[in-house]
Amino acid sequence: MKPSSYLASRVLEITVISGENLRESRKQWVKKNAFVNIRTTDSCNKTTKMDKDGGSYPVWNEKLIVDLPMHAINLTVEVQCKTSYGIKTIGIARVLTSDFIGGFLPEDYLHFLSYRLRDEKGEKNGIINFSVKVKNAPPHTTGCASAYSQQWTAAPVAVRSKGSCEVVTGIPFYPSY
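Numbers given to residues run from 1 along each chain, matching the order in which its sequence is written. Reporting in this predicted model follows two pLDDT cut-offs: at least 70 for local features of residues, and 80 or more for side-chain atom pairs to be given and counted; totals over whole chains, interfaces and linings ignore these cut-offs and use all residues. With hydrogens and water stripped out, all remaining heavy atoms of the structure feed into the side-chain values.

Draft legend 1. View of the nonpolar core. Buried Ala, Val, Leu, Ile, Met, Phe, Trp, Tyr and Cys residues form a nonpolar core when they are joined through side-chain atoms within 4.5 Å. Any residue under 20% of the maximum accessible area for its type is buried, any over 50% is exposed, and the rest in between are partly exposed; the area is computed with a 1.4 Å probe on protein chains only. L12, I14, F100, I128 and F130 are the most contacted members of the largest nonpolar core, which has 30 residues in total. Mapped by element, the contributors of at least two residues to this core are β1 (9-20), β2 (34-41), β4 (59-69), β5 (74-83), β6 (86-96), β7 (111-118) and β8 (124-134). Residues count as neighbours in contact if any of their non-hydrogen atoms are within 4.5 Å of one another. Those residues in contact with I14 that sit more than four places away from it in its chain are I38, E62, K63, L64, V66, L75, F130, S131 and V132. Helix and strand assignments follow DSSP, with helices taken as H or I runs no shorter than four residues and strands as E runs no shorter than two, numbered in order from the N terminus.

Below, the structure is given as structure tokens:
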């Protein structure tokens, strides 16, 4: 049985701003129809509209509201483009949630981020620019000192019995993560 905090989520306000230097292949620049797909889990996808004119420097300036599960450690930003052959992935960036949640900044701080995109071969293929704002961060998750003020609890434990001696095993964790 999963704790209720495992099922909870935060709401992110992500504004996909623009892309830079996008290529369909090593020699071919993106001409049009680029869009961005943001995933927080396998089941949570949000997509921007297509930029029909920007080419390899598309501009979206589109705000997406995304649910971020409390257990998520990253979100995936994927730039794709519609071609005559179908949908082609231009590049992917995996953004750690620690880049915009926690730390010294207030929970509703607007973070402007730029990430290098990598294609399916792992090669550099442009940059994605976007902003992130956590809309409803749970209490006691912001600030560096808050991590030390929370109480440790134990994960589900296993008890093994050998005669009169019992061994208890478990891993401590923070209940809010």
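Continuing now.
Draft legend 2. Focus on the packing of aromatic side chains. Between 30 and 60 degrees the pair is tilted, below 30 it is stacked and above 60 it is edge-to-face, where a pair is any two Phe, Tyr or Trp rings, Trp via its six-membered ring, whose centres lie within 6.5 Å. As enumerated under the stated definition, the model contains one aromatic pair in all. Where Y115 meets F130, the ring centres are 5.9 Å apart and the plane angle is 20 degrees; that geometry is what we call stacked. Here F130 lies in strand β8 and Y115 lies in strand β7, a separation of 15 residues in the sequence. Of the two residues, Y115 and F130, both sit in the buried class.

Draft legend 3. Here's a closer look at the environment of I90. You can see I90 is positioned in strand β6. Judged by its relative accessible area of 1%, I90 falls in the buried class. On a C-alpha basis, the gap between I90 and E78 in space is 7.6 Å, while along the polypeptide they are twelve residues apart. Discounting residues that sit within four places of it in the chain, I90 has contacts with L22, R23, E24, V30, V79, Q80, C81, D119 and N125.

Draft legend 4. Representation of the pairing of β8. For β8, the tally of buried residues reaches eight of eleven residues, placing the bulk of the element in the interior. Pairs of strands are assigned from DSSP output, requiring at least two bridges between the strands. In the sheet, β1 pairs with β8 via eight bridges, with the strands oriented antiparallel. From the neighbouring strand, T15 faces β8, where its bridge partner is S131. The pairing of β7 with β8 spans seven bridges and is classified as antiparallel. When the bridges of β8 are listed, S114 appears paired with N129. Hairpin geometry of β7 and β8 is characterised by an intervening segment of five residues between the two adjacent antiparallel strands and by a positive phi of about 90 degrees at G122.

Draft legend 5. Molecular detail of the pattern of salt bridges. Salt bridge, as used here, is a side-chain nitrogen of Lys or Arg placed within 4 Å of a carboxyl oxygen of Asp or Glu. Taken as a whole and judged by the stated rule, the model has three salt bridges. K135 is the salt-bridge partner of E13, the closest N and O atoms lying 3.6 Å from each other. With E13 in strand β1 and K135 in the loop between β8 and α2 (146-149), this pair connects stretches of sequence that are 122 residues apart. According to the relative accessible area criterion, E13 is buried, its value standing at 15%. For K135, a relative accessible area of 44% puts it in the partly exposed group. In the salt-bridge network here, residues are joined through shared partners; they are E13, K63 and K135.

Draft legend 6. Fine view of unusual backbone geometry. Positive phi, normally seen in glycine, also occurs at N21, with a value near 60 degrees. Mapped onto the secondary structure, N21 falls in the loop between β1 and β2. Classification of N21 as partly exposed rests on a relative accessible area of 35%.

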